[in-house]
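# Report on the structure
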Amino acid sequence: MEKALSPMNFDDIGSAVDIELPDEPTEVTAIVVIAPDDSFKQNLAEEIPANVLQTLAFDIMEEIRIDTTSRRDWEKTVSDGMELLGMRMEDRTEPWKGACGVFHSIMSEAVIKFQSEMILETFPASGPVHTKVIGKTNKDKEEAAVRVKDDMNWQLTENMTEYRAEHERMLWNLGFCGSAFKKVYFDPALDRQVSMYVPAEDVYLPYGCTELNSSPRITQMMRKSENELNKLMQAGFYMEQELHKSTLQDNDIEKKKQKLSGTNAIEDDRYVLYESHIELDLPGFEDEEDGEQTGIALPYVVTLDTMGNIFSIYRNWNPEDDTKAKRDHFVQYTFIPGFGAYGFGYVHILGGYAKGATSILRQLVDAGTLANLPGGLKARGLRIKGDDTPISPGEFRDVDVPSGTVRDNIMMLPYKEPSSTLFMLFKEVVDEGRSLASTADMKVADMNQQAPVGTTLAIIERMMKVMSAVQARIHSSMKKEFKMLKNIIRDYTPEEYDYETERGRMVKQSDYEHCDIIPVSDPNASSSVQRMAQYQAAMQLSATAPQLYDMPMLHRETPRVLGMKNADLIVPDKDNIKPKDPVTENMNILNAKPVKAFLYQDHDAHIQVHMAAAQDPAMQKIIGQNPMASVIQQALQAHLMEHMGFKYRVDIEKQMGVSLPKPDDEMEDEVELKVSRLAAEAAPLVLQMHSQRAAQEAVMQQQQDPVIQAQQQELQLRMQELKSKDEFNKAQLALKMQTEESKDERERLRIQSQEKIAGANIGSSVKKYERQMEVEQKIVGFKTGVELRKQYDQQNSGRVLQKGSKKPNE
């Protein structure tokens, strides 16, 4: 059912005054019916006198007649070309009944291939919309762009159930006749945005027009039932008019469509309306500047029937626009731009080839039929009975002969086998047509499998140049269409999303403000094979200088190019990784999962845990047996470098006394100069701090030298042994003193003198041992010096001494 430019719910007749609409209509929405007190958006047809309306209707109908007459040849070409699609079996009676009526499939093959390839390129399973942030980017804007992309794809794949079917119909007609149109508007009956396909034969453009934006008028032919018109008039969108029954006049293209589809409009009681988007200088509504009329025609939308009855006149510009520029409601898709507004399609490019190939094919089939079932003349007197019509296969005519044998009375006509020359010509015509239409299949077997990717890519690009240009034009038109849909969704749908997002019920309108909608199709590559070849070339280049490439990004793009689902989950994005504790990070590194350091983490703690794991013998043993050991070690080293970088940043900030801007933030020139100067003052202090720390660690490491530690331990053991002996002797002496108390004083003095002697001997032994250890250390030092001297002499023994010079002392 065809729709007018009306965002009013016509099911609620009589409630036009109660409908709440946005104060600011979008740039692309249809004409809006507001309460009667809104003079700007009222139906001006109710304010203009009848005689003025009659004159205006006559002028518009005359312009429509001129526009339709100027494209008669275009309509005839399209109508005749439909026969070459071969969608209908033809029973021929010439040159005989039952002659070959087959059509060559070059035309239908080209159209079907184009439709199939373009629907997959422009409407993948995940949705046809991609987004990009307008202006300066930040995390909030990027998240909003993702939400808008998901919402638009949901709208086009789930909510707008008719969109894919309308898009496929548009692609079929675009490939065939070269032009197709989409009409974008808000439909209040559905309470959502709509994008409907409009055939090119239903859109009238003036002669000399090259594209929609510069066209002085655009007229769409619409068909509406009597009930629809009554609803529109009752709702106040159309002015009350007496409906005049008129016969629906189909053009040649519509008749041919009915013939090919096997349908026939036996009874069609719909009315034909013309919706003309035209520039007018309406009496009583002239353009004024400083109180004076400028005489400039302004954009309006006028709806009238075939009898010249005007139903509505609405202004077609935004009230806030001082330039009063025309609002767009149509999007034109062009296959190949031609001399005028209508483009060239396969019917223009392949029409001659399809007609020639069909004629030659029929001749070859008919020749084979005649050769297999020959006809001739048989005798019956001297006179031939019958007319001079061609002889059908297997037919024998009566010929009167007086006498003779049967063989003498029968003559076979000299039919030839199908000509090989004609067959070669047929192949040449078909090949030329397929080459011109860029539908020839590339034979992989004919290509060198060892050829570089660049060579393969060049061959593919050369073969796909025409289709790449066509896809670029479709990409541009879809971008305009999506922008119109985006504005309608932003202004007419609820402020919040219809579903729960990851961050709750988010506001939809603010998200739609800061991002641009672009088609997911790639205008630089018209097929997945071509895109894959491009990425293979990029991978080869990245192998030569991997430090110059964002390898994770390159690998994430490859699954998307191949059309895989959940491409973001196959190669995770580091930006989407959440903070983890160091133990979990170690586990992820061992399992080859991506990890990421964050600025606010305790980097000393993370580094200590990661270093402990790297030095753990059990971990080293397991990692060493893993075939991915080098990858794991590289990942661990890279992650340690991230923490080291953040730690160095923290140390610089401590010395500077201020916090640095975030690493991803853009800085103004003056801010960057101040930060650089402060960092230049803080860097030497950090260097000094790190140098002192390194010196302390070196001293501690030197003290932990194994040779020195062994000598110190040996000395301590000997001292403990002597001390133990001394304590043991003292204990024995004390015991003896306790048991021999009864002895005389002389014995007691003798014992005391022995104690003194024993103590002196022990002290002498200790000093003797200390002197011995000192001598041994000196001997070790002397031996070390001798060895160093020998090494020095050996290194210099090869040198040639100068004349008169002395040899070094040995």
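Going by the structure above, here's the rest.
These remarks concern the structure in this document. (Residues numbered from 1 in each chain as written. Predicted model: local features only at pLDDT ≥ 70, side-chain atom pairs only at ≥ 80, totals over all residues. Heavy atoms only, no water.)

Under the definition given, this model contains 13 aromatic pairs. Between Phe114 and Tyr346 the ring centres are 6.4 Å apart and the planes differ by 80°, which places this aromatic pair in the edge-to-face class. With Phe114 in helix α3 (residues 106-122) and Tyr346 in helix α8 (residues 346-349), the pair connects residues that are 232 residues apart, well separated along the chain. Judged by relative accessible area, which is 1%, Phe114 ranks as buried. The ring of Phe103 carries Arg362 above its face, with NZ or CZ at 4.7 Å from the centroid. (Phe/Tyr/Trp six-rings, centres within 6.5 Å; stacked < 30°, edge-to-face > 60°. Helix = DSSP H or I, 4+ residues; strand = E, 2+ residues; numbered from the N terminus. Buried < 20%, exposed > 50% of the residue type's maximum accessible area, 1.4 Å probe, protein only. Lys NZ or Arg CZ within 6 Å of the ring centre and 35° of its normal.)

Before going further, it helps to examine a negative patch on the surface. Where like charges cluster on the molecular surface, the negative patch consists of Glu668, Asp669, Glu670 and Glu672. Relative to the helices and strands, Asp669 is located in helix α22 (residues 669-703). Of the residues examined, Asp669 reaches a relative accessible area of 64% and is grouped as exposed. (Patch = residues over 30% accessible without salt bridge, like charges linked within 9 Å, V, L, I, M, F, W, Y side chains within 5 Å. Areas by Shrake-Rupley, 256 points an atom, 1.4 Å probe, with all protein chains shown as cover. Salt bridge = Lys/Arg side-chain N within 4 Å of Asp/Glu carboxyl O. Lys, Arg positive; Asp, Glu negative; His and termini not counted. Charge placed at Lys NZ, Arg CZ, Asp CG, Glu CD.)

Now for a nonpolar patch on the surface. On the surface, Leu541, Leu548 and Tyr549 cluster together into a nonpolar patch covering about 320 Å² of accessible area. Counting through the fold element by element, Leu548 comes out in the loop between α15 (528-544) and α16 (551-561). Using a relative accessible area of 67% as the deciding quantity, one classes Leu548 as exposed.

Within the fold, Met82 resides in helix α2 (residues 72-83). Given a relative accessible area of 5%, Met82 falls into the buried group. In this structure the C-alpha to C-alpha distance between Met82 and Phe176, which are 94 residues apart in sequence, comes to 8.6 Å.

Following the sequence through the fold, Arg362 ends up in helix α9 (residues 351-372). With relative accessibility at 12%, the residue Arg362 sits in the buried group. A distance of 3.3 Å separates a polar atom in the side chain of Arg362 from the backbone oxygen of Gly101. Those residues in contact with Arg362 that lie beyond four places of it in its chain are Glu90, Arg92, Cys100, Gly101, Val102 and Phe103. (Polar contact = N/O pair within 3.5 Å; in protein donor to acceptor, adjacent residues only side chain to side chain. Contact = heavy atoms within 4.5 Å.)

Right, let's get into the nonpolar core. By size, the foremost hydrophobic cluster in this structure holds 65 residues, and its most contacted members are Phe114, Leu174, Phe176, Tyr346 and Ile474. The element best represented in this core is helix α13 (residues 465-492), accounting for ten residues. Residues in contact with Ile474, not counting those within four places in the same chain, are Phe114, Met118, Thr122, Leu171, Leu174 and Tyr333. Counting residues in hydrophobic clusters, the runner-up holds 24 residues, among them Ile48, Ile60, Met239 and Ile310. (Core = buried A, V, L, I, M, F, W, Y, C linked by side-chain atoms within 4.5 Å.)

Let us now look at unusual backbone geometry. The backbone of Asp191 shows a phi angle near 60°, a positive value even though the residue is not glycine. Tracing the chain through its elements places Asp191 in the loop between β2 (179-187) and β3 (192-198). Of note in the backbone geometry, Lys324 takes a positive phi value of approximately 55° without being a glycine. In this structure, Lys324 sits in the loop between β10 (310-315) and β11 (330-334). Exposure remark for Lys324: the relative accessible area of 25% places this residue in the partly exposed category.

A separate point is the pairing of strand β15 (residues 515-519). With five of its five residues buried, β15 lies for the most part within the structure. Two strands pair when backbone bridges link them, and strand β1 (residues 129-133) and β15 are joined in this way by five bridges, in the antiparallel orientation. Looking across to β15, one finds that Val133 is bridged to Cys515. (Pairing = 2+ DSSP bridges.)

Turning to the pattern of salt bridges, a few remarks are in order. A complete count under the given rule lists 20 salt bridges for this structure. Note that Arg169 is salt-bridged to Glu166, the shortest N-O span being 3.2 Å. Of this pair, Arg169 and Glu166 both sit in helix α5 (residues 163-177), three residues apart, roughly one helical turn. Residue classification places Arg169 among the partly exposed residues on the basis of a relative accessible area of 42%. Taking relative accessible area as the criterion, Glu166 reaches 9% and is therefore assigned buried. Between Lys183 and Glu275 there is a salt bridge; the shortest N-O distance is 2.9 Å. Note that Lys183 is positioned in strand β2 and Glu275 in strand β6 (residues 271-280), a separation of 92 residues in sequence. By the burial criterion, Lys183 is buried, and Glu275 matches it.

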